[in-house]
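Observations on chain architecture
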4 protein chains.
Amino acid sequence: MKGTLPLLSHYAQQAQAKLPANVWHYLQSDAGQGAQQQCNEAGWQTHKLIPRPLQALQQPSTGCDMFGEHWAHPIMLAPVAYQTLFHVDGEIGTAVACNAQQGQMMVSSLASQPVADIVGQAQQPLWFQLYWQGDRARTEVLLHKALNAGVSAIVLTVDAPVKQALMDLPKGVSAVNLEKPLAMQALQPGQSQVFDGWMTQAPTWEDVAWLRQQCKVPLLIKGLMHVDDAKRTIALGCEGIVVSNHGGRVLDSTPAVAAILPDMVAAVDGQCKLLVDSGIRSGQDVFKALAMGADAVCIGRPYIWGLASEGAMGVAKVIRTLRDELEMTMALTGVSRLSDIRQVDLY
Amino acid sequence: MKGTLPLLSHYAQQAQAKLPANVWHYLQSDAGQGAQQQCNEAGWQTHKLIPRPLQALQQPSTGCDMFGEHWAHPIMLAPVAYQTLFHVDGEIGTAVACNAQQGQMMVSSLASQPVADIVGQAQQPLWFQLYWQGDRARTEVLLHKALNAGVSAIVLTVDAPVKQALMDLPKGVSAVNLEKPLAMQALQPGQSQVFDGWMTQAPTWEDVAWLRQQCKVPLLIKGLMHVDDAKRTIALGCEGIVVSNHGGRVLDSTPAVAAILPDMVAAVDGQCKLLVDSGIRSGQDVFKALAMGADAVCIGRPYIWGLASEGAMGVAKVIRTLRDELEMTMALTGVSRLSDIRQVDLY
Amino acid sequence: MKGTLPLLSHYAQQAQAKLPANVWHYLQSDAGQGAQQQCNEAGWQTHKLIPRPLQALQQPSTGCDMFGEHWAHPIMLAPVAYQTLFHVDGEIGTAVACNAQQGQMMVSSLASQPVADIVGQAQQPLWFQLYWQGDRARTEVLLHKALNAGVSAIVLTVDAPVKQALMDLPKGVSAVNLEKPLAMQALQPGQSQVFDGWMTQAPTWEDVAWLRQQCKVPLLIKGLMHVDDAKRTIALGCEGIVVSNHGGRVLDSTPAVAAILPDMVAAVDGQCKLLVDSGIRSGQDVFKALAMGADAVCIGRPYIWGLASEGAMGVAKVIRTLRDELEMTMALTGVSRLSDIRQVDLY
Amino acid sequence: MKGTLPLLSHYAQQAQAKLPANVWHYLQSDAGQGAQQQCNEAGWQTHKLIPRPLQALQQPSTGCDMFGEHWAHPIMLAPVAYQTLFHVDGEIGTAVACNAQQGQMMVSSLASQPVADIVGQAQQPLWFQLYWQGDRARTEVLLHKALNAGVSAIVLTVDAPVKQALMDLPKGVSAVNLEKPLAMQALQPGQSQVFDGWMTQAPTWEDVAWLRQQCKVPLLIKGLMHVDDAKRTIALGCEGIVVSNHGGRVLDSTPAVAAILPDMVAAVDGQCKLLVDSGIRSGQDVFKALAMGADAVCIGRPYIWGLASEGAMGVAKVIRTLRDELEMTMALTGVSRLSDIRQVDLY
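A brief report on the enclosed structure follows. (Residues numbered from 1 in each chain as written. Chains lettered and ligands numbered in written order. Predicted model: local features only at pLDDT ≥ 70, side-chain atom pairs only at ≥ 80, totals over all residues. Heavy atoms only, no water.)

Focus on the overall build of chain A
The following threshold applies: The way it works is that DSSP assigns letters per residue, a run of H or I at least four long becomes a helix, a run of E at least two long becomes a strand, and they are numbered from the N terminus. To get the radius of gyration, use the C-alpha atoms; to get the globule rule, take the number of residues to the power 0.38 and multiply by 2.2 Å. Throughout this description, buried means an accessible area under 20% of the type-specific maximum (1.4 Å probe, protein chains only), exposed means over 50%, and partly exposed covers the range between.
Within chain A, the secondary structure is distributed over 14 helices and 10 strands. Over its C-alpha trace chain A gives a radius of gyration of 20 Å, about what one expects of a compact globule, namely 20 Å for 347 residues. For chain A, the spread of C-alpha atoms along the three principal axes comes to 70 × 45 × 40 Å. Relative to its full complement of 347 residues, chain A shows a buried share of 64%.

Here it is in structure tokens:
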């Protein structure tokens, strides 16, 4: 092997070079002026690792169990919309990359290829990320389309009730799994686009309770940052949460996910699975998230950098890089199992 | 709706492109070398917001009451001098923009258009910002000119006793509401321009007491940063204070307004209205100021960026952007009323 | 008055434009890589001032008493070597500027003009900065030359026992008040230039005790940063100390002077005069030093920027700027006397 | 003497100018994206020194004893691989520079010249840095080659079990003291290069115990950052440890060495020698490491900058600069002996 492990930022550079400026801007967009992503990334970097050489590893492995499935590693691909926007391989390319690297993937509600086709190419069960479709009837249609395609878990994203179009999608790229664009009631003079428009179509806790009944597979809620919300999710019988500020894309000026993660872990206290995303950029970051108590992590922009750079092959390389970095970090800190990582004290 | 909400910094870029360099420099000027404004802005950014999705909003609104008036939102335009310097629309353009966005406005003592004309164009009551005119007689003349024009509150600015001309005003731009330039006694050799010049014309606490008697409308004192001064203002019967370091334009090396606001709120303890300005650059900042206990906020440079960019239309867009951001922040944190914002714990 | 007060950094820019690169580099040089000066300056900026408007000033003045002399303001010019290197006016120009602005000045041991000529041009008593001359006999010669010239106090600089030549002096610029260059014993193989060279000619506490006996005018020790050293100086009967890290020119990685000043003030406890320098760049900084308990401050590089820019006139402008800023800061914080500044709580 | 002491960064600039880009990149490479080295350097800079002038030095000296040898100063050259890559003088040039400056040197397992030749040129005993050779038999061969060459101590580096080739070595540059390249068992599908490859050849604590038996000279373990590992090393009878994160080259996101050094010193408690490296860039840093309790320090990249710049002469100048800076720091803080440095309180 020649050269250093390719750090993920190399793929970012390649993606920027390959993508049209508006697509790159859309991919990297931040709720504020870039400070939110920096905040997320800095949150992970604040914590430090103490090397522990000379430990003999005992059958080292990055494997873990999740809802009865065996995962080769705890790195899940977060749902990213419209992947054919970045490369012709699209979501199917991402699924193929997961096959190659024993990866996991959440298919987005806004996927640009049919969910059945994506699932059909995958050699392992996929999860489906569900956006609330304005009401229960419409949401149920989308839910069943995904379940019928064979997804093994549903992830309801709740932190982005306002879905702003950040760019005009080029011809041929659309959310092919949705029935038709959401119609929004015309606003009266003096009414608010936020309060009287978007928010009237946003899901509520009652909708979560309803969804939990509709759904015979594990249901996770994605986009929680407050301990009370984590507890309420558990009380409703959900199987997991994803601690996330949506990679900094929704509300500017939120804390780094790494800053609030320990409190979230304490609130969950093992009563459901806890995943985390936003700002994870290396296998060291993955290790830190697990050391703080997460069961798994999601990555978003980094694998799209790979997709934009080299299609499915690029996604596979990104996953491989993170796996290598995670293994290296485990080796250098002397832990053999993910469950041992949780015992590590970060500095 | 296409694209992200236009962040206020976009208007800054446009304004810089349109304005002569010396006017832009005057607008952005800082008591020090720029550090004071950065300090103000950083003060707001230090505090973080925790998203609270899935909350059902209850008749959400940004409305509030102020001295018996109903305000559609808590965003007041701070007094900025010589607005025809930035755009031919001037203060009247700003007033028209307030009509369009249900805004509030403080007309400056140094307005470049007649206060009666500005008030005449407004569909809602305006406030008048009063600079002390060197003595009580001269001040009374200006006060009554404003009251006669129909303003509904007086805001005495006390933090800038030294008014340095930062640029030569172009022909046709002047403080048309003032009687004539303040004459200053010639200094004797060895006398100080500061001590023996400007400060002999500065108002004192006794002048505030006198003014409180002259003024049948609410009187606010603008430019307070010390809790003892807030208490003394209340003891004199004033109806409000504006916590402010004048946007960093007067004394270099003061704390960020956000840093001292909690103590000011505690000192006021609801006994008068508390507004705040200096460094507010987004609806998130507005939200944070209210969460710390302010009743309303003022913005200065940002709406002048809009005025310089597109005249009245630009001011309206800036107000709209802030309103949208405030509504979005309320929606994403699950609060329906300004009074509920105050219960939110910032992170 | 048009435009802002000229901030001192403007003179730095002018000086850099006028001076040969090597002279500018010598002037600005730092023991490390520039971090020490930044550290000094940041130390002052850390502290913040709370405006106190509406206070009626009571015969405001920046005057103070020092060893029986009345000073118009507490701003002393620190000893800077070889001033004809920066402008033909040299030290005499600096003295003339002090006349114009009622300033104080310490003449350097390494002055490039005769101390008697400098003192002769001054309308107020000057102080003399003494470098130890390797032994007592040589030191006594220099001391008496200064005393005979009429200086009113002696300031022994003790923090720079190693005097490195940072540049070749141009023809015509030299330390004209010194007898002849210090001869240093030739080093034996294996001997250290530092330990066996320079340090053998450095003064010790015993030398200070001796000097205190020789000297019938006030004696101050310049370059102290440790409380025990301040106490020892007092115990030896010296009349003052100058807290200083030599503007960051000698030992890299010392604390900011502002950081250690409060402890030094507490240690001195009024038993002798306490001056401070290093990193003071504005009247606000002067105010802060006095608020922390200093009796007066010294400035170095800033007045040399003025000297390089415009000769004596430039030095006068720099002093005037600092005086104006100090007066303005007093006015805006509502204090009338230097003794009142000490009661101000910095934020 | 003219000009400032040449700071080490000057040599970095020269080396960058002289070296091919890929060699420079290899030399400066960091486990992450440069943040780890900055973290190391910043760790030392955080601590500050208080000058203590006027102290009479008592036979000042930087000398110390190490395993019965007398060292003129506590600055050891860390093992750096393939030194002919940087200059034709190679490791022999480094050894000659040590002769000139009474320096100490650890010869790398990956030296590009025969260890016997390097030792043969040295006028003082050299140490040998040992990389584990995959198994005990191979390691023993290398150990005895070094001992036979006459090295006086063995330093086992344990923090880099994964040795990635960061560049293709040019023809003629190789690890001439190794038997032959380490063969690694071919990986089966699904096996991990890290876990099933490199780590199977990494040393363990049992190997350290074995090595301690094989080795009749002092044995130090290099690359420890955890107090428990320091204690275990002592319990195994080793004579010293080198606290190090390998200059930031191995695991990204470790703490600065300066941050953990005090705990390591406390754990060792004088039971063995404690050296430290990573990020030391000046004599002030050396002083600080000793003040925290280290017995000596190692430097890596800085002397290679010198080697690349001017061969053996450049290495000598780098050592001389550090010695001068250390002596100056001692002189200015008033301490005469290394043992006195340990009593100094850093600020």
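What about the interface of chain D and chain C?
Put simply, the rule is: Contacts are assigned to residue pairs with any non-hydrogen atoms lying within 4.5 Å of each other. Salt bridge, as used here: a side-chain nitrogen of Lys or Arg that lies within 4 Å of a carboxyl oxygen of Asp or Glu. Polar contact is the term for a pair of N or O atoms within 3.5 Å; when the atoms are in protein, one must be able to donate a hydrogen and the other to accept it, and sequence-neighboring residues count only if both atoms are side-chain atoms.
At the junction of the two partners, chain D supplies 33 residues and chain C supplies 38 residues. Here chain D is connected to chain C by 1 salt bridge. R52 of chain D is the salt-bridge partner of D229 of chain C, the closest N and O atoms lying 2.9 Å from each other. Linking chain D to chain C there are 8 residue pairs in polar contact (both at pLDDT 80 or more). Only α11 (283-291) and α13 (312-333) of chain D provide two or more residues apiece to the side of chain D that touches chain C. Top element by residues in the side of chain D that touches chain C is α13 of chain D. It accounts for 8 residues.

A short note on helix α9 (residues 227-235) of chain D
Residue and element names in this part refer to chain D. Condition: Taken from the helix axis, the directions to the C-beta atoms give the arc we talk about.
All buried positions along α9 are accounted for by D229, A230, T233 and I234. The buried residues of α9 all sit within an arc of 140° when viewed along its axis, so they share a single face. Contact partners of the buried residues in α9: α8 (205-214), β7 (219-224), β8 (240-243) and α10 (257-268). Downstream of α9 by one or two residues, G237 has phi in the positive range, about 90°.

Some thoughts on the packing of aromatic side chains
Given two aromatic rings, one states the distance between the centres and the angle between the planes to describe the pair. Counted only if it meets this: Aromatic pairing here means that ring centres of Phe, Tyr or Trp (its six-membered ring) are within 6.5 Å. Orientation follows from the plane angle: under 30 degrees is stacked, over 60 is edge-to-face, and everything else is tilted. The rule for a charge over a ring is simple: NZ of Lys or CZ of Arg within 6 Å of the ring centre, and within 35 degrees of the ring normal.
Using the criterion set out here, one finds 16 aromatic pairs over all chains in the structure. Here W71 of chain D and W127 of chain D contribute two aromatic rings whose centre-to-centre distance is 5.5 Å and whose plane-to-plane angle is 50°, an arrangement assigned as tilted. Linking W71 of chain D in strand β2 (residues 69-71) with W127 of chain D in strand β5 (residues 127-131), this pair joins segments that are 56 residues apart in sequence. W127 of chain D shares its class with W71 of chain D; the two are buried. Counting every residue linked through ring pairs, the aromatic cluster contains F67, W71 and W127 of chain A. Against the face of Y26 of chain B rests R249 of chain B, its NZ or CZ located 5.3 Å from the ring centre.

Here's the deal with the relation of the copies chain A and chain D
A rotation about some axis, followed by a shift along it, carries one copy of the chain onto the other. Here is the rule: Only residues with pLDDT of at least 70 in both copies contribute their C-alpha atoms to the least-squares superposition of the copies.
Turning chain A through 90° and shifting it by 0.1 Å along the axis lays it on chain D, with an RMSD of 0.0 Å. Here the symmetry operator amounts to a four-fold rotation axis.

Section: the side chain of K222 of chain B
All names here are of chain B. Mapped onto the elements of the fold, K222 is located in strand β7 (residues 219-224). Within the structure, K222 has its side chain in polar contact with the side chain of D277 (distance 3.1 Å). What K222 contacts, discounting residues up to four positions off in sequence, is P79, V155, L156, T157, V158, D159, V242, S244 and D277.

Remarks on the pairing of strand β9 (residues 273-276) of chain D
Residue and element names in this part refer to chain D. The following threshold applies: Whether two strands pair depends on DSSP finding at least two bridges between them. When the strands point away from the viewer, a crossover counts as right-handed if the path from the first strand over the helix to the second runs clockwise.
Note: β8 against β9, 4 bridges, orientation parallel. Bridging from a neighbouring strand, I241 pairs with L274 of β9. For the crossover from β9 across α11 to strand β10 (residues 296-299), the handedness is right-handed.

Quick look at unusual backbone geometry
The phi angle of most residues is negative, glycine excepted, and most peptide bonds adopt the trans form. In this structure, S253 of chain A is a non-glycine residue whose phi angle is positive, near 80°. Mapped onto the elements of the fold, S253 of chain A is located in the loop between β8 (240-243) and α10 (257-268). Given the relative accessible area of 7%, S253 of chain A is considered buried. Positive phi values are uncommon outside glycine, yet Y82 of chain D reaches one of about 50°. Along the chain, Y82 of chain D falls in the loop between β3 (75-77) and α4 (90-101).

Digging into the pattern of salt bridges
Any two side chains of opposite charge can pair, given that their charged atoms come close. Summed over the entire model, instances satisfying the criterion amount to 36 salt bridges over all chains. A salt bridge links R281 of chain D to E41 of chain D, with the nearest nitrogen and oxygen atoms 3.1 Å apart. Of this pair, R281 of chain D sits in the loop between β9 and α11 while E41 of chain D sits in helix α3 (residues 35-45), and the two are 240 residues apart along the sequence. Overall, R281 of chain D belongs to the buried group, its relative accessible area being 17%. Residues joined in a network through salt bridges with shared partners are R320, D324 and E327 of chain A.

Some words on α11 of chain D
Given 3.6 residues per turn, any residue in an α-helix points the same way as the ones three and four places further on. Residue and element names in this part refer to chain D. Counting buried positions over the 9 residues of α11 gives 9, a clear majority of the element. For α11, every residue scored as buried is listed here: G283, Q284, D285, V286, F287, K288, A289, L290 and A291. Phi turns positive, to about 120°, at G293, one or two residues after α11.

Here we look at empty space enclosed by the protein
What counts here: Method remark: on a 1 Å grid restricted to protein atoms, a set of points is classed as a cavity if a 1.4 Å probe fits but cannot get out and as a pocket if it is open with protein on both sides within 12 Å along at least five of seven lines; lining residues have an atom within 4 Å of a point. Grid points are joined across faces, edges and corners, and a volume is the space filled by probe spheres set on the points. In the scheme used here, Gly and all other residues not listed as nonpolar or charged are polar, with Ala, Val, Leu, Ile, Met, Phe, Trp, Tyr, Cys and Pro taken as nonpolar and Asp, Glu, Lys and Arg as charged.
Enumeration according to the criterion identifies 12 cavities of 30 Å³ or more in this entry. Empty space within the largest cavity amounts to approximately 150 Å³. Taken together, 19 residues form the lining of the largest cavity, with V158, D159 and P161 of chain A together with P53 and L332 of chain B sitting closest to its centre. Residues belonging to the lining of the largest cavity are distributed by class as follows: 12 nonpolar, 5 polar and 2 charged.

Focus: the side chain of S192 of chain A
In this structure, S192 of chain A sits in the loop between β6 (153-157) and α7 (193-197). Given the relative accessible area of 8%, S192 of chain A is considered buried. Engagement of the side chain of S192 of chain A in a polar contact is seen with the backbone nitrogen of V194 of chain A, the distance being 3.1 Å. Ignoring anything within four residues of it in the chain, the contact list for S192 of chain A reads L187 and G197 of chain A together with E327 of chain B.

Considering the arrangement of the chains
As for chain C relative to chain A, no contact occurs, and the smallest C-alpha gap between them is 23 Å. A gap remains between chain B and chain D, which never touch, and the nearest two C-alpha atoms on either side lie 23 Å apart.

A closer look at the nonpolar core
All names here are of chain C. The cut-off we apply is this: Only buried residues count toward a nonpolar core, which is a set of Ala, Val, Leu, Ile, Met, Phe, Trp, Tyr and Cys residues joined through side-chain atoms within 4.5 Å.
F86, W127, I154 and V276 are the most contacted members of the largest nonpolar core, which has 124 residues in total. Considering every element that reaches this core, the biggest residue donor is helix α13 (residues 312-333), with 10 residues. If near-sequence neighbours (up to four positions away) are discounted, V276 is found in contact with W44, V242, V243, V257, L261, A289, A294, A296, V297 and C298.

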